[in-house]
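Listed here are the chains, written in short residue letters.
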Amino acid sequence: EAGVAQSPRYKIIEKRQSVAFWCNPISGHATLYWYQQILGQGPKLLIQFQNNGVVDDSQLPKDRFSAERLKGVDSTLKIQPAKLEDSAVYLCASSFGSPPGETQYFGPGTRLLVL
Amino acid sequence: AQSVSQHNHHVILSEAASLELGCNYSYGGTVNLFWYVQYPGQHLQLLLKYFSGDPLVKGIKGFEAEFIKSKFSFNLRKPSVQWSDTAEYFCAVNEETSGSRLTFGEGTQLTVNP
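Q: Which parts of the structure should I look at to understand the pattern of salt bridges?
A: Opposite charge on two side chains permits them to pair, given that their charged atoms come into close proximity. Residue and element names in this part refer to chain B. Going through the model one piece at a time under the given rule, you end up with seven salt bridges over all chains. Across the pair Glu-64 and Arg-77 runs a salt bridge whose closest N-O atoms are separated by 3.3 Å. With Glu-64 in strand 8 (residues 64-68) and Arg-77 in strand 9 (residues 73-78), this pair connects stretches of sequence that are 13 residues apart. A relative accessible area of 18% places Glu-64 in the buried class. Overall, Arg-77 belongs to the partly exposed group, its relative accessible area being 24%. Overlapping salt bridges bring together Lys-58, Glu-64, Glu-66 and Arg-77 as one network.

Q: What exactly am I supposed to notice about the pairing of strand 10 (residues 87-95) of chain B here?
A: Regular strands have side chains that alternate between both faces of the sheet. All names here are of chain B. Counting buried residues along strand 10, eight of its nine residues qualify, which places the element largely inside the surrounding structure. When strand 5 (residues 31-38) meets strand 10, the two strands line up antiparallel, connected through eight bridges. Bridge pairing links Gln-38 to Glu-88 in strand 10. Of the strand pairs in this sheet, strand 10 and strand 11 (residues 103-104) are connected by two bridges, and their pairing is antiparallel. The partner of Val-93 across the bridge, within strand 11, is Thr-103.

Q: What exactly am I supposed to notice about a nonpolar patch on the surface here?
A: A cluster of nonpolar side chains, Ile12(A), Leu113(A) and Leu115(A), forms an exposed patch at the surface whose accessible area comes to about 300 Å². Here Leu115(A) is to be found in the segment after strand 11 (110-114).

Q: Is there a simple way to think about the packing of aromatic side chains in this case?
A: Two numbers describe a pair of aromatic rings. These are the distance of the centres and the angle of the planes. The full count for this structure, using the stated rule, is 13 aromatic pairs over all chains. Residues Tyr36(B) and Phe104(B) carry aromatic rings whose centres are separated by 5.9 Å and whose planes lie at 50° to one another, so their mutual orientation is tilted. Pair noted here: Tyr36(B) is in strand 5 and Phe104(B) is in strand 11, with a separation of 68 residues, a long-range link. Phe104(B) carries the same exposure label as Tyr36(B), and that label is buried. The structure contains a cluster of three or more aromatic residues connected by ring pairs, namely Tyr33(A), Tyr35(A), Phe106(A), Phe34(B), Tyr36(B), Phe90(B) and Phe104(B). Lying over the aromatic face of Phe51(B), Lys49(B) brings its terminal NZ or CZ to 5.9 Å of the ring centre.

Q: Hey, could you run me through the pairing of strand 5 of chain B in this one?
A: Residue and element names in this part refer to chain B. Where burial is concerned, most of strand 5 is hidden: seven out of the eight residues are buried. Sheet topology places strand 5 next to strand 6 (residues 45-50); five bridges connect them, and they run antiparallel. Bridge assignment links Leu-33 to a residue of strand 6, and that residue is Tyr-50. Where strand 5 hands over to strand 6, the hairpin turn is made up of six residues, of which Gly-41 adopts a positive phi near 75°.

Q: Where do I start with the sheet that holds strand 7 (residues 65-68) of chain A in this structure?
A: Sheet strands line up and pair through hydrogen bonds in the backbone, either parallel or antiparallel. Residues and elements named next belong to chain A. Read across the sheet, four strands follow the order 1-3-8-7 without closing on themselves; strand pairing throughout is antiparallel. Looking at the sheet topology across the chains shown, the edges are occupied by strand 1 (5-7) and strand 7. Neighbouring strand axes in the sheet, compared pairwise and without regard to direction, differ in orientation by 15° on average. As paired elements, strand 1 and strand 3 (residues 19-24) share three bridges and run antiparallel to each other. Within strand 3, the residue paired with Gln-6 across the bridge is Cys-23.

Q: What should I look at first to understand the environment of Lys78(A) in this one?
A: Residues and elements named next belong to chain A. Here Lys-78 is to be found in strand 8 (residues 75-79). You can call Lys-78 partly exposed: its relative accessible area is 39%. Considering only alpha carbons, one finds Lys-78 and Ala-20, 58 residues apart in sequence, at a separation of 4.3 Å. Apart from the residues lying within four places of it in its own chain, the contact partners of Lys-78 are Val-19, Ala-20, Arg-64, Phe-65 and Ser-66.

Rules behind the numbers
Residues numbered from 1 in each chain as written. Chains lettered and ligands numbered in written order. Predicted model: local features only at pLDDT ≥ 70, side-chain atom pairs only at ≥ 80, totals over all residues. Heavy atoms only, no water. Salt bridge = Lys/Arg side-chain N within 4 Å of Asp/Glu carboxyl O. Helix = DSSP H or I, 4+ residues; strand = E, 2+ residues; numbered from the N terminus. Buried < 20%, exposed > 50% of the residue type's maximum accessible area, 1.4 Å probe, protein only. Pairing = 2+ DSSP bridges. Patch = residues over 30% accessible without salt bridge, like charges linked within 9 Å, V, L, I, M, F, W, Y side chains within 5 Å. Areas by Shrake-Rupley, 256 points an atom, 1.4 Å probe, with all protein chains shown as cover. Phe/Tyr/Trp six-rings, centres within 6.5 Å; stacked < 30°, edge-to-face > 60°. Lys NZ or Arg CZ within 6 Å of the ring centre and 35° of its normal. Axes fitted to C-alpha atoms, helices over the stretch in contact; angles between N-to-C directions. Contact = heavy atoms within 4.5 Å.

Rendered as structure tokens:
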């Protein structure tokens, strides 16, 4: 079974530029998550989708971050404009559904460096 | 707000030593508990999880964890570590009232010397 795919794997940009990350979840998984993992910290949930609807975006900095999952399959996370503190690994995960206790499967992540 | 604390940020052991990594959480309601592992150059993967039932959970590669509700803890153990266990270990908590949302701890980097 193919895992969660993410691209690009690495990105270096200057502050105030924009950047986009792409994620393709495991086939058949209705729930998709974007996490931000800053160096030395655990992943922090940014946004959760159920099919193409947003379930939880309470920790998404909406003034600069946006995400979409238009057809309920793959998803894009965008940062515009980027700040130095956005340097982190951006992880995408998916799960079959979203009941309590559901296992999430993670992709390899996109490592972003903002200069 | 929910928080998860992992006591040790970096643990160094020799092969065959026993391992215990601490994890404590702050939520007082019903929880589901996870340990994820990230081997060098690989993605996060599930090691084991507690969903209900027996508080002693066995996972892959000889790992186990015990849920002690009264102590709000879910410590990870392995009786004899191997060099291949070198990785970063993350504890995560899911509150029953928040769907499948996970709150992660800071992680513990385990280095096993041959």
